[in-house]
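# Residue-level structure breakdown
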Amino acid sequence: MSEVIRVLAVVAIIGYVIGRQLMGEPLRGKRVVLLPVILAVAGVADLGEHGRHVQLADVICLVISGLIAVTIGLLQGRMMRLESRNGALWGQMPVRGLWLWALLVGSRLIMTVIALAVGAKVAGSSAPVIMLLGINRLGQAAIVMRHALATGIPFAPEKDGRSFLSGQAGGAASRPAGPASQHPPQHGPGYPEPDWPRAAGQDSQHEADPAGYPRRVLPAAGDAGPAGDPETGPAGSIPHGGGATPDLAAMLACLAGTWLARRQRGR
């Protein structure tokens, strides 16, 4: 890549970025994050091309230039107005942000003069320009990413409709439904009781054979059973007054009378 083409490409990229930032635009993750990474990697790979040899002085000058570029990028990120529009991240650079671009260009010109003065020919050429532009954009991307993560605002969707990093084409409505629970819901006050089968007993036998198994109705406590009942007997057969001692005496007297009557008939 010739010097003239490289410089024209960098000027075109900077003009394009400045124009979009001043007008404001939805921020797409690939353009904000991945494009600076590509520029930085491509710029580093281009340093050793065309027979250039990177010396220690070049490394020192490039490190200083990189620190200046990333610092200005952080300031540009902090100066940007970031907000949510249509559910996605939107950003705009105020007009005063042009001073930071002027500072970036001015710092590069100063470092070029210093690099040539100390014999750092690679650092003083146009070869590091693309790398430094990528580093500058990475500084701004760091601020934008932190804001997006802190506020939960997703990046604007890409051309395929998916948002960078989230991997979703939309909100919660577009997410696939999870697997149904294999455990039944717990019963509580708001749930009806289960219809358990009735236990086998006299009631169920009565329903199966009403004639053979009549329903048993127990008398209330302290009352005599109904007359003629096969289980409780006549109402007056068992006295209920006086306690346990008078009942036992009456029974013994009845038995003794019956025994005496049988003896007299046997004689």
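Nothing here was measured: the structure is a model prediction, and the numbers come from that model.

The rules behind the values
Residues numbered from 1 in each chain as written. Predicted model: local features only at pLDDT ≥ 70, side-chain atom pairs only at ≥ 80, totals over all residues. Heavy atoms only, no water. Helix = DSSP H or I, 4+ residues; strand = E, 2+ residues; numbered from the N terminus. Expected span 1.5 Å × (residues − 1). Salt bridge = Lys/Arg side-chain N within 4 Å of Asp/Glu carboxyl O. Buried < 20%, exposed > 50% of the residue type's maximum accessible area, 1.4 Å probe, protein only. Polar contact = N/O pair within 3.5 Å; in protein donor to acceptor, adjacent residues only side chain to side chain. Contact = heavy atoms within 4.5 Å. Core = buried A, V, L, I, M, F, W, Y, C linked by side-chain atoms within 4.5 Å. Pairing = 2+ DSSP bridges. Axes fitted to C-alpha atoms, helices over the stretch in contact; angles between N-to-C directions. Parallel < 35°, antiparallel > 145°, perpendicular 65-115°, else oblique. Nonpolar A, V, L, I, M, F, W, Y, C, P; charged D, E, K, R; others polar. Left-handed = near helix turned anticlockwise from the far one by under 90°. Arc of directions from axis to C-beta.

## So, helix α5 (residues 129-151)
For α5, built from 23 residues, the straight-helix expectation of 33 Å at 1.5 Å per residue is met to within 8% by its first-to-last C-alpha distance of 34 Å. Once α5 finishes, Gly152 follows within two positions and takes phi at roughly 75°, a positive value.

## Looking at the pattern of salt bridges
Here the structure, examined in full by the defined rule, presents 4 salt bridges. In this structure, Arg85 engages Glu83 in a salt bridge whose closest nitrogen and oxygen atoms are separated by 2.5 Å. Overall, the relative accessible area of 24% leaves Glu83 in the partly exposed class. When salt bridges with common partners are traced through the structure, they connect Arg20, Glu25 and Arg31 into a single cluster.

## A short note on the side chain of Gln92
Mapped onto the elements, Gln92 comes out in strand β3 (residues 88-92). Of note is the side chain of Gln92, whose polar atom sits 3.0 Å from the backbone oxygen of Leu22. When sequence neighbours within four positions are dropped, the list of residues in contact with Gln92 reads Gln21, Leu22, Met23, Gly24, Met80 and Arg81.

## A look at the nonpolar core
Core analysis: the largest hydrophobic core is formed by 14 residues, its most contacted members being Leu27, Val32, Val33, Leu82, Leu89, Val144 and Phe155. Breaking this core down by element, the ones donating at least two residues are α2 (29-47) and α5. If one sorts the elements of this core by residue count, α5 sits on top with 4 residues. The residues touching Leu27, leaving out its near neighbours within four places in the chain, are Val32, Leu82, Leu89, Trp90, Gly91, Val144, Phe155 and Ala156. Core analysis: the second largest hydrophobic core is formed by 12 residues, Val17, Trp101, Ile130 and Leu133 among them.

## Some words on the pairing of β3
Extensive coverage of β3 is indicated by the burial of 5 of its 5 residues. Burial of the side chains of β3 extends over both faces: Ala88, Trp90 and Gln92 are buried on one face and Leu89 and Gly91 on the other. Direction of pairing for strand β1 (residues 25-26) relative to β3: antiparallel, over a ladder of 2 bridges. When the bridges of β3 are listed, Glu25 appears paired with Gly91. Hairpin remark: strand β2 (residues 81-85) followed by β3, antiparallel, with 2 residues in the connecting loop; positive phi at Asn86, about 55°.

## Some details on the packing of helix α3 (residues 56-79) against helix α4 (residues 98-117)
Their axes nearest at 10 Å, the elements α3 and α4 cross at an angle of 175°. As far as their axial angle goes, α4 and α3 are roughly antiparallel. Along its contact with α3, which presents Cys61, Ile64, Ser65, Ile68, Ala69, Ile72, Leu75, Gln76 and Met79, the element α4 presents Leu100, Trp101, Leu103, Leu104, Ser107, Arg108, Met111 and Ala115. Across the contact of α3 with α4, the residue classes tally to 13 nonpolar, 3 polar and 1 charged.

## Points about the packing of α4 against α5
As a packed pair, α4 and α5 sit with axes 12 Å apart at the nearest point and diverge in direction by 145°. For the pair α4 and α5, the sense of crossing is right-handed. Contacts from Trp101, Leu104 and Arg108 of α4 reach α5 at Val129, Leu132, Leu133, Asn136 and Arg137. When its residues are assigned to classes, the contact of α4 with α5 shows 5 nonpolar, 1 polar and 2 charged.

## Some words on the pairing of β2
Bridging between β2 and β3 involves 5 bridges; their strand directions are antiparallel. Bridge pairing links Arg85 to Ala88 in β3.

## Details of α4
In a regular helix each residue adds 1.5 Å, so 20 residues correspond to 28 Å; α4 covers 29 Å between its end C-alpha atoms and thus fits that length. If you check which residues of α4 are buried, you get Leu100, Trp101, Leu104, Ser107, Arg108, Met111, Thr112 and Ala115. Relative to the axis of α4, the buried residues are bounded by an arc of 145° and lie together on one face. Among the exposed residues of α4, those oriented more than 90 degrees off its buried face are Trp99, Leu109, Ile110, Val113, Leu116 and Ala117. Check the buried side of α4 and you find it contacts α1 (3-23), α3 and α5.

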